[in-house]
Amino acid sequence: MNDLRSVFRFAPELMLFVTAILTLSTDIVSRHQKSSQRLKLITGVSILGLLISLLLALRTIAMGSTEVFERSYLIDPVSQFFKLLLIFSGIITVLQACMSKEIRKNEKAEIYTLLILGTLGMCAMTSAVHLLLLFLAYETVGLACYVLAAFKRGSAISSEAGIKIFVHGALTSVLFAFGIVMLYGIGKSFNILDIRTQLASTLVPTSYLWVAFGLIFVALAARMAVFPFHFLMPDVVEGSPSPASSFFSVSSNIAAIAFAIRLCIHIFSVKGDLKWAHLNGFQWPELITGVAATSMTIGNLTALYQNNLKRLIGYSSIAQMGYLLMGLAVSNRMGISSVLFSLTTYGVVTLGTFFVIQMVTDAAGNEDISILKGLVWRNPYEGVVLCIFLLSLAGLPPLMGFIGHVYVLGAVMKEKIYWLAIVGAMNYVVGLTYCLSMIRRVFATNPTNQDGERAAMSANPIAHGVLAVLLFPTLLLGVYWDPLMNYITHSLESVMW
Amino acid sequence: MEHMQAYIPVLILMGVGALIGTVVILLTTFLGPHRPNKKKMSVYECGVPPIGDARRRVSVKFYLVAILFLLFDVEGVFFFPWAVVYKKYLSINGFILMEMFFFVAILLVGYIYILRKGALEWD
């Protein structure tokens, strides 16, 4: 498909780009209007654009797999699934930015544009099969993230977050580029599809494969902040404005997992009947099991001692990424489908948690865990919703987090990696501890509190609506997960990997 | 390791380059006459007597202008490959011309944005 029609398959990304440009233009054009009206206009334009893009992505999902732009961009049901998640998460983060008190009113358009362009880069990351295009997408995401982290101008902690993510990102970009060079060297092509054929047909020494795989995986691991590269991420999540924090811990991770799946399955595995065989005895899952086990243990154990709400969620997302990599390490269809399912549940729940946390921290003016005290008595709706999200994050039935955990553990057990399953199960318990301790605070009655009762947050219909939208799948998928799971399995079967 | 042999000339070139660099500096240090005086040791400032300290503070506005310049400069680079293939693709259809209009329109949005935000105003 080299003709103009291929552009239609690319429509969600094009729409994202147009939305970003329109948001900026609206900001310029509407300078003379009142600031509240102007904010409404800008938010309306960007949300509308994102919704249209979501619909377009839904439309392209049924179209099957196609390669467009001279075989450099693969659009298949799996990549479209990731795009749906990413655009959905983009909508929620834009709304979160709209509510945020950390961001001044005249800077909203800029943060929307950055969020949308970041989402665009991530969408390109899920689809790109040309390594140079992939690097470009990776850099687009990086650039958006650097600015987002340092968005609170004048705040030292935000500038610190910006510097940290920048140094981290610059280093990982170099590693990523070097990995691409190595892959080009052994695969003799920039196209992932050709590299795969080349690797499957020739006998490449395992050490070469390790170098190429290792370098690229390191770059992705740094993006999703798993074990050896997790050190800076909690600082970044703490220092950035809340919408940016949720963007880093949800969208960024989704995109990185999307490409990690492509890297592991698409390049370094040979398709079998039921199970993907590893290329020439190249045992990449060993690396991933190690990373998964250590990162969930360290993330969970460190989260136990956190007093800063955003930091706590930052550590918990390190642990969650560990759970997901557990599914990837299994490297069969069941494992990958469990990763996709868990990623959905993780994304929705983390977005919701960050949304409530932002409302609470904005009202309280600080981010200490003690501000949750008695939330449910002040604002019953937000309190209960936060508890549901936290329980789903910990993985209690009948919420969707539980189903995700069961699928991942089931896949690991079926592959008979028992030690990993035991580590995973123990980590679920540890994860439950800090989630329950937060819930205990939410329900605490503390009338003799010396700093007095906190005032209730004013009810915001849009925020309530967003939380309802996020709550719906959390409850529904916990009891009726078949449609999503079927969809994931079908799309995995239909892809041409 | 067979295909690594192709890189041996590159290695030799790098080695020779490093060798010449170090040898020339070492030779001038050991063999050259050393007769320093005050004029010779002063900072070279294109023939003008240097005034004040070189490590002065520079206004942050310079960086903004530099970044903006770089941005539009790099975007301008895109015109060259476009111009090279322009004639060939124009015979197929006119899309290549429209594409450049899109590109310039996007550039224009950026330009108007920085203009309106006051990024080009010095004070």
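On a predicted model such as this, the values are computed, not experimentally measured, just so you know.

**Student:** How would you summarise the overall build of chain A if you had to cite specific residues and measurements?
**Tutor:** Looking only at helices and strands, chain A has 20 helices and four strands in total. For 497 residues, the compact-globule estimate of 2.2 N^0.38 gives 23 Å, and the C-alpha radius of gyration of chain A, at 22 Å, lies within 12% of that figure. By its C-alpha atoms, chain A is 70 × 55 × 40 Å across when sized along the principal axes. Residue pairs in contact within chain A that sit at least 24 positions apart in sequence constitute 79% of those at least 6 positions apart.

**Student:** Residue-level account of the overall build of chain B, with values.
**Tutor:** A tally of regular secondary structure across chain B gives five helices and zero strands. What you see in chain B, going N to C, is helices and strands ordered as α-α-α-α-α. Taking 14 Å as the expected radius of gyration for a compact globule of 123 residues, we find that chain B reaches 26 Å, considerably beyond that expectation. Oriented by its inertia axes, the alpha-carbon framework of chain B measures out at about 70 × 60 × 25 Å. Taking all contacts inside chain B whose residues are at least 6 apart in sequence as the whole, residues at least 24 apart take part in 57%. Counting only carbon and sulfur atoms, one obtains 73% of the accessible surface of chain B, whose full area is about 11300 Å². Between the averaged position of the 12 positive side-chain charges in chain B and that of its 8 negative side-chain charges there is a distance of 12 Å.

**Student:** Tell me about the side chain of Arg38 of chain A, and please be specific about residues and values.
**Tutor:** All names here are of chain A. Along the polypeptide, Arg38 turns up in helix H3 (residues 35-61). Within the structure, the side chain of Arg38 is placed 2.6 Å from the side chain of Asp27, a separation counted as a polar contact. Setting aside chain neighbours within four positions, we find Arg38 in contact with Asp27, Ser30 and Arg31.

**Student:** How would you sum up the environment of Pro234 of chain A? Please name residues and give values.
**Tutor:** Residues and elements named next belong to chain A. The topology assignment puts Pro234 in helix H10 (residues 233-239). Owing to a relative accessible area of 1%, Pro234 belongs among the buried residues under this scheme. Among residues more than four places away in sequence, those in contact with Pro234 are Arg311, Tyr315 and Ile318.

**Student:** Describe the side chain of Ser189 of chain A, with residues and values.
**Tutor:** Residue and element names in this part refer to chain A. Note that Ser189 resides in the loop between helix H7 (156-187) and helix H8 (192-201). The class for Ser189 is buried, based on a relative accessible area of 13%. In this structure the side chain of Ser189 is engaged in a polar contact, spanning 2.9 Å, whose partner is the backbone nitrogen of Asn191. Those residues in contact with Ser189 that lie beyond four places of it in its chain are Leu131, Tyr184, Asp194 and Ile195.

**Student:** Can you explain the interface of chain A and chain B? Please cite residues and give values.
**Tutor:** With eleven residues of chain A in contact, the opposing surface of chain B contributes nine residues. Interface of chain A and chain B: buried area, both sides summed, is about 960 Å²; carbon and sulfur atoms make up 65% of it. Where chain A touches chain B, the interface holds two salt bridges. Considered class by class, the residues forming the side of chain A that touches chain B number six nonpolar, two polar and three charged.

**Student:** So what's going on with helix H20 (residues 482-494) of chain A? Residues and values would help.
**Tutor:** Spacing of three or four residues puts side chains on the same side of an α-helix, whose turn is 3.6 residues. All names here are of chain A. In this model, H20 (13 residues) spans 18 Å end to end at C-alpha, consistent with the 18 Å of a helix rising 1.5 Å per residue. Along H20, the positions that sit buried rather than exposed are Leu484, Met485, Ile488, Ser491 and Leu492. Projected onto a plane normal to the axis of H20, the buried residues spread over an arc of 135 degrees and lie on a single side. Tucked inside the fold, the buried residues of H20 contact helix H4 (77-99), helix H14 (333-364), helix H17 (400-414) and helix H19 (461-479).

**Student:** Give me a nonpolar patch on the surface: which residues, what numbers.
**Tutor:** Where nonpolar side chains cluster on the molecular surface, the patch consists of Leu19, Val23, Leu26, Leu27, Phe30 and Leu31 of chain B and spans about 650 Å² of accessible area. With respect to the secondary-structure elements, Leu27 of chain B resides in helix H1 (residues 8-31).

**Student:** Provide a residue-level description of the pattern of salt bridges, including the pertinent values.
**Tutor:** Residues and elements named next belong to chain A. The full count for this structure, using the stated rule, is 15 salt bridges over all chains. Across the pair Lys83 and Glu13 runs a salt bridge, and its minimum N-O distance is 2.8 Å. One end of the pair, Lys83, is in helix H4; the other, Glu13, is in helix H2 (residues 11-29), and 70 residues separate them in sequence. Pair check on accessibility: Lys83 and Glu13 agree, each one buried. Its salt-bridge partner being Arg38, residue Asp27 comes within 2.6 Å of it at the nearest N-O pair. Taken together, the residues Asp27 in helix H2 and Arg38 in helix H3 connect sequence positions eleven residues apart.

**Student:** Explain helix H16 (residues 380-394) of chain A residue by residue, including any values.
**Tutor:** All names here are of chain A. The end-to-end C-alpha distance of H16 is 21 Å, a good match for the 21 Å that 15 residues give at a rise of 1.5 Å each. Within H16, the full set of buried residues consists of Glu382, Gly383, Val385, Leu386, Cys387, Ile388, Phe389, Leu390, Ser392, Leu393 and Ala394. At its buried positions, H16 is contacted by helix H13 (309-330), H14, helix H15 (375-378), H17, helix H18 (418-443) and H19. Positive phi appears at Gly395, one or two residues downstream of H16, with a value of about 90 degrees.

**Student:** Describe unusual backbone geometry, and please don't skip the residues or the numbers.
**Tutor:** Residues and elements named next belong to chain A. Here Pro397 and Pro398 are connected by a cis peptide whose omega angle stands at 0 degrees. Mapped onto the elements of the fold, Pro398 is located in the loop between H16 and H17. Phi is positive for Phe69, which is not a glycine, with a value near 55 degrees. Positionally, Phe69 belongs in the loop between strand E1 (66-68) and strand E2 (73-75). By relative accessible area, Phe69 is classed as partly exposed at 32%. In this model, Lys188 sits at a positive phi of 60 degrees, which is unusual for a non-glycine residue. Inspection of the secondary structure assignment puts Lys188 in the loop between H7 and H8.

**Student:** Run through the packing of helix H6 (residues 131-149) of chain A against helix H11 (residues 242-267) of chain A, naming residues and quoting values.
**Tutor:** Each pair of packed helices can be summarised by the angle the axes make with each other and by the distance between the axes. Residues and elements named next belong to chain A. Where H6 meets H11, the closest approach of the two axes is 11 Å, and the angle between their N-to-C directions is 170 degrees. Of the possible angle classes, the one that applies to H6 and H11 is roughly antiparallel. The crossing of H6 and H11 is left-handed. On H11, the residues that touch Leu134, Cys145, Leu148 and Ala149 of H6 are Ala244, Phe247, Phe248 and Phe259. Residues belonging to the contact of H6 with H11 are distributed by class as follows: eight nonpolar, no polar and no charged.

**Student:** Got a sec to walk through the environment of Val167 of chain A? Specific residues and values, please.
**Tutor:** All names here are of chain A. Here Val167 is to be found in helix H7. Exposure remark for Val167: the relative accessible area of 51% places this residue in the exposed category. A C-alpha to C-alpha distance of 10.0 Å links Val167 and Leu232, two positions 65 residues apart in sequence.

**Student:** Describe the packing of aromatic side chains, with residues and values.
**Tutor:** Residue and element names in this part refer to chain A. Enumeration over the complete set of coordinates arrives at 22 aromatic pairs over all chains. Ring centres of Phe135 and Phe176 lie 6.1 Å apart, and the angle between their planes is 15 degrees; on these two criteria the pair is classed as stacked. Here Phe135, found in helix H6, pairs with Phe176, found in helix H7; they are 41 residues apart in sequence, far enough to count as distant. The exposure class of Phe176 is buried, given its relative accessible area of 1%. Seen from their ring centres, Tyr323 and Tyr428 are 4.5 Å apart, and the 65 degrees between their planes marks the pair as edge-to-face. One end of the pair, Tyr323, is in helix H13; the other, Tyr428, is in helix H18, with 105 residues separating them in the sequence. Take Tyr428: its relative accessible area is 10%, and that puts it in the buried class. One aromatic cluster in this structure is built from Trp210, Phe213, Phe217, Phe268 and Trp284.

Rules of the game
- Residues numbered from 1 in each chain as written.
- Chains lettered and ligands numbered in written order.
- Predicted model: local features only at pLDDT ≥ 70, side-chain atom pairs only at ≥ 80, totals over all residues.
- Heavy atoms only, no water.
- Helix = DSSP H or I, 4+ residues; strand = E, 2+ residues; numbered from the N terminus.
- Rg over C-alpha atoms; globule rule 2.2 N^0.38 Å.
- Contact = heavy atoms within 4.5 Å.
- Areas by Shrake-Rupley, 256 points an atom, 1.4 Å probe, with all protein chains shown as cover.
- Lys, Arg positive; Asp, Glu negative; His and termini not counted.
- Charge placed at Lys NZ, Arg CZ, Asp CG, Glu CD.
- Polar contact = N/O pair within 3.5 Å; in protein donor to acceptor, adjacent residues only side chain to side chain.
- Buried < 20%, exposed > 50% of the residue type's maximum accessible area, 1.4 Å probe, protein only.
- Buried area = accessible area lost by both parts, 1.4 Å probe.
- Salt bridge = Lys/Arg side-chain N within 4 Å of Asp/Glu carboxyl O.
- Nonpolar A, V, L, I, M, F, W, Y, C, P; charged D, E, K, R; others polar.
- Expected span 1.5 Å × (residues − 1).
- Arc of directions from axis to C-beta.
- Patch = residues over 30% accessible without salt bridge, like charges linked within 9 Å, V, L, I, M, F, W, Y side chains within 5 Å.
- Axes fitted to C-alpha atoms, helices over the stretch in contact; angles between N-to-C directions.
- Parallel < 35°, antiparallel > 145°, perpendicular 65-115°, else oblique.
- Left-handed = near helix turned anticlockwise from the far one by under 90°.
- Phe/Tyr/Trp six-rings, centres within 6.5 Å; stacked < 30°, edge-to-face > 60°.

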